[in-house]
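Given next are the chains, with one letter for each unit.
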Amino acid sequence: MDDPFEHAWEHLSVERTGAVAEVRLNRPQARNALNTALMRELTAFAQAVRRRSDLTAIILTGGEGYFSAGADLAAQDERRRPTLLETREAAMAGPDMCEAWEEIEAVTLAALEGYCIGGGCALAVACDFRIMGAGAYMRLPEVPLGINMSWRSLPRIVSLVGPARAKRFVMFGEAADAATCHEWGFCDEVTAAGGALALAHAWAEKLTALPPLPVRMTKEAIDAVAKAGHHAATFMDRDQYLLTSRTADFREGVAAFREKRPPQFQGD
């Protein structure tokens with residue numbers, strides 16, 4: 001593609017100052033919900049800058065009151081029923097996006113304000129660091145709705161917070177506020193509400209003052225150790241999603257959420 005900093009993105013706002021880039025999710029009409037178009041743009045940007053040696057830090061952020069409302073499935077093409085093979089391929093949009101951000105050689109920082117839900121949380125944990133405003137929180141609603149947490153994010157979560165807290169966070173689907181995220185290891189620093197982006201830029205400036213070669217070597221080496229078994233643990237999670245998203249329990253979970261009532265799950 002052309003220069004990603006000159007490209008006319010539809011759902012992203014991209015700026016660059018020296019060796020620091022800022023990428024803002026820009027789909028406010030949907031609270032930055034991750035539809036296919038936005039995920040493709042995030043993937044394309046990450047792939048375009050993956051090995052850019054002129055970039056030291058890339059900051060990913062959202063709106064003032066929210067990072068992302070999570071995956072947006074409402075825009076799927078309903079004109080015909082896709083084959084299972086086509087559906088299985090489409091289910092890789094989220095995992096591919098997270099993997100593309102994880103593979104950027106520059107240091108990535110997610111600056112989070114407000115809510116960071118579902119797929120937005122999966123994207124944030126694919127970055128190297130997370131900085132949260134005091135009013136921010138992270139939440140995964142998938143399991144209480146009747147589906148598994150996919151996008152190959154479970155090993156990333158376990159690496160950050162450990163197995164017991166990962167189970168608690170994913171199974172219960174309860175919001176973890178900024179203070180809890182910091183205590184658990186989900187985020188690296190908490191600042192006043194509205195200050196996450198400025199603090200992320202301060203971190204980025206510290207990074208630009210360091211020698212770039214050992215910084216990249218350090219990131220690569222630590223990731224190689226921490227993520228060596230990630231693919232083996234998650235290569236089937238899209239098929240688990242295809243299974244759980246077709247259950248009666250998933251239909252019940254969504255219906256109960258919309259009707260604001262307790263769900264009645266049957267294990268079917």
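Before reading further, recall that the structure is shown in the block above.
Structure report, in brief. (Residues numbered from 1 in each chain as written. Predicted model: local features only at pLDDT ≥ 70, side-chain atom pairs only at ≥ 80, totals over all residues. Heavy atoms only, no water.)

### Regarding the nonpolar core
Put simply, the test is: By convention a nonpolar core is built from buried Ala, Val, Leu, Ile, Met, Phe, Trp, Tyr and Cys residues, the set being connected through side-chain atoms within 4.5 Å. The cut-offs for exposure are 20% and 50% of the maximum accessible area for each residue type, with area from a 1.4 Å probe on protein chains only; residues under the lower value are buried, those over the upper are exposed, and the others partly exposed. Helical segments are the DSSP runs of H or I of at least four residues, strand segments are the runs of E of at least two, and each set is numbered from the N terminus.
Counting 51 residues, the largest nonpolar core has Leu42, Phe45, Ile58, Trp101 and Met138 as its most contacted members. No other element matches helix 1 (residues 36-49), which puts six residues into this core. In terms of nonpolar packing, the next biggest core, distinct from the first, is built from 15 residues, Ala57, Leu109, Ala196 and Val215 among them.

### Points about the packing of helix 1 against helix 3 (residues 93-102)
Rules: All axes are obtained by fitting lines to C-alpha atoms, using only the stretch in contact for helices, and the reported angles, taken between N-to-C directions, cover 0 to 180 degrees. Here is the rule for angles: anything less than 35 degrees is roughly parallel, anything more than 145 is roughly antiparallel, 65 through 115 is roughly perpendicular, and the remaining ranges are oblique. Crossings are classed by handedness, with left-handed meaning an anticlockwise turn of the near helix from the far one by less than a right angle and right-handed meaning a clockwise turn. Whether two residues touch is decided by their heavy atoms; if any such pair falls within 4.5 Å, the residues are in contact. Basically, the charged four are Asp, Glu, Lys and Arg, the nonpolar ten are Ala, Val, Leu, Ile, Met, Phe, Trp, Tyr, Cys and Pro, and anything else, Gly included, counts as polar.
Two elements in contact, helix 1 and helix 3, have axes whose closest approach is 8 Å; the angle formed by their N-to-C orientations is 30°. Judged by the angle between their axes, helix 1 and helix 3 are roughly parallel. As helix 1 packs across helix 3, the resulting crossing turns out to be left-handed. Across the interface between the two elements, Met39, Leu42, Thr43, Phe45, Ala46 and Gln47 of helix 1 pack against Ala93, Gly94, Asp96, Met97, Ala100 and Trp101 of helix 3. Split by residue class, the contact of helix 1 with helix 3 holds eight nonpolar, three polar and one charged.

### Considerations on the state of the cysteines
Put simply, the rule reads: Here, a disulfide means two cysteine sulfur atoms that sit within 2.5 Å of each other.
This structure, assessed with the given rule, holds zero disulfides. Free of any disulfide, Cys98 has its nearest cysteine sulfur in Cys127, 8.8 Å distant. By relative accessible area, which is 0% here, Cys98 ends up buried. Looking at Cys116, it has no disulfide partner, and the nearest cysteine sulfur is the one in Cys121, 5.0 Å off.

### Describing unusual backbone geometry
Trans is the common state for peptide bonds, and a negative phi is the common state for residues other than glycine. Unusually for a residue other than glycine, Trp151 sits at a positive phi of about 60°. Locating Trp151 in the fold gives a position in the loop between helix 5 (142-145) and helix 6 (154-161). Judged by relative accessible area, Trp151 falls into the buried class, the value being 11%. Despite not being glycine, Arg152 has its phi angle at roughly 55°, a positive value.

### With respect to the layout of surface pockets
Quick reminder of the rule: Computed over the protein atoms alone on a 1 Å grid, cavities are sets of points where a 1.4 Å probe fits but cannot get out and pockets are open sets with protein on both sides within 12 Å along at least five of seven lines; a residue lines them when it has an atom within 4 Å of a point. Grid points are joined across faces, edges and corners, and a volume is the space filled by probe spheres set on the points.
In this model, the second largest pocket occupies a volume close to 620 Å³. Looking at the second largest pocket, it is lined by 23 residues, and the ones nearest its centre are Arg50, Glu102, Glu103, Asp223 and Lys227. Counting only elements with at least two residues in the lining of the second largest pocket, the list comes to helix 3, helix 10 (212-226) and helix 11 (230-234). Sort the elements by how many residues they give to the lining of the second largest pocket and helix 10 lands first, with seven residues. A breakdown of the residues in the lining of the second largest pocket according to their chemical character gives seven nonpolar, three polar and 13 charged.

### Some remarks on the pairing of strand 3 (residues 57-61)
Cut-off, in case you're wondering: Being paired, for any two strands, means DSSP has found at least two bridges between them. Handedness is read with the strands pointing away from the viewer; a crossover is right-handed when the path from the first strand over the helix to the second is clockwise.
Across the five residues of strand 3, five count as buried, placing the element largely inside the fold. Burial along strand 3 is two-sided: the residues Ala57, Ile59 and Thr61 and Ile58 and Leu60 are all buried. In terms of strand pairing, strand 2 (residues 20-25) meets strand 3 through five bridges, oriented parallel. Counted as the bridge partner of Val20 is Ala57 from strand 3. With respect to chirality, the unit in which strand 2 leads through helix 1 into the neighbouring parallel strand 3 is right-handed. Across five bridges, strand 3 lies against strand 5 (residues 107-112) in parallel orientation. Across the sheet, residue Ala57 finds its bridge partner in strand 5, namely Val107.

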